[in-house]
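Here's the letter readout for the chains.
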Amino acid sequence: MANERSRGPLNTDSPTSARATGERILLAHGGGGRMTQALVQELFLPALANPALATLSDSAILDALPPGRIALTTDAFVVDPPVFPGGDLGYLSVCGTVNDLAVAGAVPGALTWALVLEEGLEVELLKTFVRGAARAAAEAGVTIVAGDTKVVPRGKGDRAFVASAGLGVVPPGRDLGDHRVAPGDAVLVTGPVGDHGATVMACRHGLGGGGLASDCAPLSSLVEALLASGVEVHALHDPTRGGVATTCHEVASKSDTRVALEATAIPVRPQVRAVCELLGLDPLYVACEGRALAWVVERDAERALAAIAAHPLGNGAARIGRVEARRPHAAPVVLRTPFGTERPLDLLAGAELPRIC
Amino acid sequence: MNAAATFADPGAVRGLLARIVSAAGRLPRRVTLMEVCGTHTHAIAAAGLRRLLPPTVRLIAGPGCPVCVTPVGYVDRAEALSHRPGTIVATFGDLIRVPSSTGSLERARASGGDVRVVYSPRDALQIARANPDREVIFLGVGFETTVPTVAAALAEAEADHVANFLVLSGHKVMPPPLRALASDPDVKVDGFLLPGHVSVITGSDAFAFVAEELGMPAVVVGFTPTDVLRGVEALVERLARRHAEVVNLYTRVVTAEGNTTARMLVDRFFAPVDAVWRGLGAIPGSGLALRPDVAHRDAARIEVEVPEPVEPPGCRCGEVLKGTIDPPACPLFATTCTPTSAIGACMVSSEGTCAAWYRHERAQV
Amino acid sequence: MCLAVPMRLVERREALGVAELDDVRREVSLLLEPDARIGDYVLVHAGYAIAVVDEAEAEATLELLRQVAAAGGEA
């Protein structure tokens, strides 16, 4: 973790110091005045220390970017509970933004990190988010160069919301995207699916036990390892909300192809399967936050799997399906069951809910 | 015990299918088997089992989805209650998108109604404990499997004097619609796959009448692919022999007499009433209402303004529920009625016949 | 109707217990199966144990399935 910066001009015993306000965020913390400054100096800067952020200017001025095409992404993050096995809102938000850049083939560089906090939020919880964001940034090799904090009255926000933008560069010669997906491509996943969504749902519905943890992780180094191996990768996606099935739908739709997944090939950890069974969920529709789906040319499938599996985040990587030509009037995404039948995997109307029927 | 894997063993599935084909060869004509459990509909569709059966064995879904058969008026009342000051409506997730006359519980929540999804009636009771100044109304839908859990929550509320926990009962029971279906001239069913978890509570003896009075074979089966196929095999084999009997094939959890503790708890709080089944109309003695002596727990007694129920025009859910048509025969299916904009209840619940068909069977893969 | 999952009962305190499946644990009410014992497999529906799994019957069914698979389906 970054070294503690020396405290700013405000000492910890002053009434505006974050610690002295009795451990909860107040409306004044979002007012832009002394309390905001105290929050920034005592909480944000020490954890996220970097030269760009430390200037605390209205905009971060970055050095010239390396050659290539610029990638820019943004995401908003809400999660209940905000701290869960394997992560927290802060860690999740940085990973999510980093991963959006990584799957586009961009080397992530700079992130912004903006918070809307609910009056009454425990400062300790905020510190957890900040430490989580810092940890993710360090793991991903990115810097959080700009941020903002607003505070809304109690009852008008669910503890904390995060919005994050990410800037990266796609090196010259690299061209990932659904336009490159073609019939014959192999569909790979970098690890077991559904860990994040199952963990969060388990927390919400009183399911406990060891072994359940979000897969939340920054994927940039895994993606670079895969691309460096020389295999022909056509597209990458991170199956977040809606899970693998929803992501495959998006790709099939954009590339006008058909995706056929093999039920027996899809890795699901036993604990995740148990949570899904208990709540009536289908793991194929449950979010991952540290996995990527890769569309690679068929002849490179095995080599691609080896490259992924060689990376610490690629444990349990598997080939889960293939791309076929789109059939008119037929489902764009299908699942081959263990019994030799095929059934369509449709788009969900909304989020999966626990059911009893 | 990863029982799920072994009860879904592809080798056993293949073996059972071969037996079914062999038995079907001795059938005098094509037969129609009906399952009456939404969870069966889902399980069969998810494994693609229908497509594996020989053409002489037709497997259809009956009115087994408790959400689908919940009348519009019930959802209207639940919505109205959610807008009532000081009220929290707690519901299973299954009900949240069911279309009412004016919207749904999901939309009610978006426009300010306090609607909360729970996994268990006990969770609703916990909400009542945590909010003593509010009235928590639990939406009691479901068949015999679920009613005891609601009764148990009521028992706990009584024992702990949690006065602000009420139930709006939309519960229904299974044997009466089976009788109604069997005597309906439009419905041509030769045998039933009986709901395994309902039977856990009722006992397989409760369904003996299907053979004794209705003259049809029926099997109590579980929900894994091998359970369902063992049931299909048993029915086909008995139809080939023209032998009507009710067999329990889910012996690992179903007994002849069922769960008497659960039934006694249900009897303490609920009594049979006539009930309306969406799409099927009124079926005598097929519903459960809270007994008069627990009127203080009965949300049906709350005065609240409810719109005139509006059944969607053109909707053929009733015929789908009876198994007389497949979803594609309804003009609304996959045109104006889709999972994202469901008109009829059969499409809303993911176990509804139309939803299951749309998701798993629609496209010719 | 209805979703119910077999889980092993690992703890019990009067009418409440903890049931477990593949390391995932949940509190379950035993009001409907008051005689369930620790070590039993119980069928859990909506947070309640509604049946105790008869393991002998379960094993008998599995054995039948093994035979069916091995025979390849000869009637």
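These numbers come from a predicted model, not from an experiment.

### Section: the packing of helix α6 (residues 220-228) of chain A against helix α9 (residues 301-309) of chain A
Residue and element names in this part refer to chain A.
Part 1 of the argument: Where α6 meets α9, the axes come as close as 9 Å, and the angle between the chain directions of the two elements is 145°. When you trace α6 past α9, the crossing you get is right-handed. When α6 is examined against α9, the residues L222, A225 and L226 are found in contact with a partner set consisting of A304, A307 and I308.

### A word on the packing of helix α5 (residues 195-204) of chain A against helix α8 (residues 270-279) of chain A
All names here are of chain A.
Part 1 of the argument: Contact pair α5 / α8: the axes reach a minimum separation of 9 Å and the direction vectors enclose 55°. Relative to α8, the element α5 is oriented oblique. Every pair of crossing elements has a handedness; the one defined by α5 and α8 is left-handed. Residues D195, A198, M201 and A202 of α5 form the contact with α8, whose own contacting residues are V272, V275, C276 and L279.

### Notes on the nonpolar core
Part 1 of the argument: Within the largest apolar cluster, 270 residues are counted, with the highest numbers of intra-cluster contacts made by A133, L188 and V275 of chain A together with V42 and A49 of chain C.
Part 2 of the argument: Setting aside residues up to four positions removed in sequence, V275 of chain A forms contacts with A198, M201, A202, L207 and L212 of chain A together with V24 of chain C.

### Observations regarding the interface of chain C and chain A
Part 1 of the argument: Tallying the contact residues gives 14 residues for chain C and 19 residues for chain A.
Part 2 of the argument: Those elements that provide at least two residues to the side of chain C that touches chain A are β2 (16-21) and β3 (24-29) of chain C.
Part 3 of the argument: The element best represented in the side of chain C that touches chain A is β3 of chain C, accounting for four residues.
Part 4 of the argument: Residues belonging to the side of chain C that touches chain A are distributed by class as follows: seven nonpolar, one polar and six charged.
Part 5 of the argument: Inspection of the sheet shows strand β8 (residues 207-208) of chain A paired to β3 of chain C by two bridges, in the antiparallel sense. Looking across to β3 of chain C, one finds that L207 of chain A is bridged to R26 of chain C.

### Here we look at the sheet that holds strand β4 (residues 115-118) of chain B
Residues and elements named next belong to chain B.
Part 1 of the argument: The parallel open sheet is built from four strands, whose spatial order is β4-β3-β5-β6. Of all strands in the sheet, those with a lone pairing partner are β4 and β6 (165-169), marking the two edges. Across the sheet, the mean angle separating the axes of adjacent strands is 30° when strand polarity is ignored.
Part 2 of the argument: Judged from the five bridges that link them, strand β5 (residues 135-140) and β6 form a sheet pairing that is parallel. In the sheet register, V136 faces β6, and the bridge partner there is F165.

### Side note on the domain arrangement of chain B
Reports often express the size of an interface as the amount of accessible area lost when the parts come together.
All names here are of chain B.
Part 1 of the argument: When cut into domains, chain B gives domain 1 (72-171 + 259-294) and domain 2 (317-361).
Part 2 of the argument: For domain 1 and domain 2, the distance between their C-alpha centres works out to 25 Å.
Part 3 of the argument: Each partner contributes residues to the interface: domain 1 has seven residues there, and domain 2 has nine residues.
Part 4 of the argument: Grouping the constituent residues of the side of domain 1 that touches domain 2 by class yields three nonpolar, one polar and three charged.

### Some thoughts on the domain arrangement of chain A
Residue and element names in this part refer to chain A.
Part 1 of the argument: In terms of domains, chain A is made up of domain 1 (19-170) and domain 2 (178-344).
Part 2 of the argument: Listed as interface residues are 20 residues of domain 1 and, on the opposing side, 21 residues of domain 2.
Part 3 of the argument: Listing elements by their share of the side of domain 1 that touches domain 2, those giving two or more residues are α3 (89-103) and α4 (123-140).
Part 4 of the argument: The greatest single-element share of the side of domain 1 that touches domain 2, amounting to eight residues, is contributed by α3.
Part 5 of the argument: Residues belonging to the side of domain 1 that touches domain 2 are distributed by class as follows: 13 nonpolar, five polar and two charged.

### Focus on the sheet that holds strand β2 (residues 57-61) of chain B
All names here are of chain B.
Part 1 of the argument: On the basis of which strands lie adjacent, the open sheet formed by five strands has the order β2-β1-β7-β8-β9 and parallel pairing. Here the strands that pair on one side only, and so sit at the sheet edges, are β2 and β9 (246-248). Each strand of the sheet is rotated relative to its neighbour by a mean of 20°, with strand direction disregarded.
Part 2 of the argument: The sheet contact formed by strand β8 (residues 218-221) and β9 spans three bridges and is parallel. Residue V220 lies in a different strand from β9, and its bridge partner there is N248.

### Brief notes about the interface of chain B and chain C
Part 1 of the argument: Taken together, the 45 residues of chain B in the interface contact 30 residues of chain C.
Part 2 of the argument: Listing elements by their share of the side of chain B that touches chain C, those giving two or more residues are α1 (3-7), α2 (10-24), α3 (38-47), α6 (121-130), α7 (147-159), α9 (196-202) and α12 (260-269) of chain B.
Part 3 of the argument: Among the elements that take part in the side of chain B that touches chain C, α2 of chain B stands out by supplying ten residues, more than any other.
Part 4 of the argument: Per-class residue counts for the side of chain B that touches chain C are 22 nonpolar, 17 polar and six charged.

Rules and cut-offs
- Residues numbered from 1 in each chain as written.
- Chains lettered and ligands numbered in written order.
- Predicted model: local features only at pLDDT ≥ 70, side-chain atom pairs only at ≥ 80, totals over all residues.
- Axes fitted to C-alpha atoms, helices over the stretch in contact; angles between N-to-C directions.
- Helix = DSSP H or I, 4+ residues; strand = E, 2+ residues; numbered from the N terminus.
- Left-handed = near helix turned anticlockwise from the far one by under 90°.
- Contact = placed C-beta atoms within 7 Å.
- Parallel < 35°, antiparallel > 145°, perpendicular 65-115°, else oblique.
- Core = buried A, V, L, I, M, F, W, Y, C linked by C-beta atoms within 7 Å.
- Buried ≥ 20, exposed ≤ 12 C-beta atoms within 10 Å, placed from the backbone.
- Nonpolar A, V, L, I, M, F, W, Y, C, P; charged D, E, K, R; others polar.
- Pairing = 2+ DSSP bridges.
- Domains from an automatic or database assignment.

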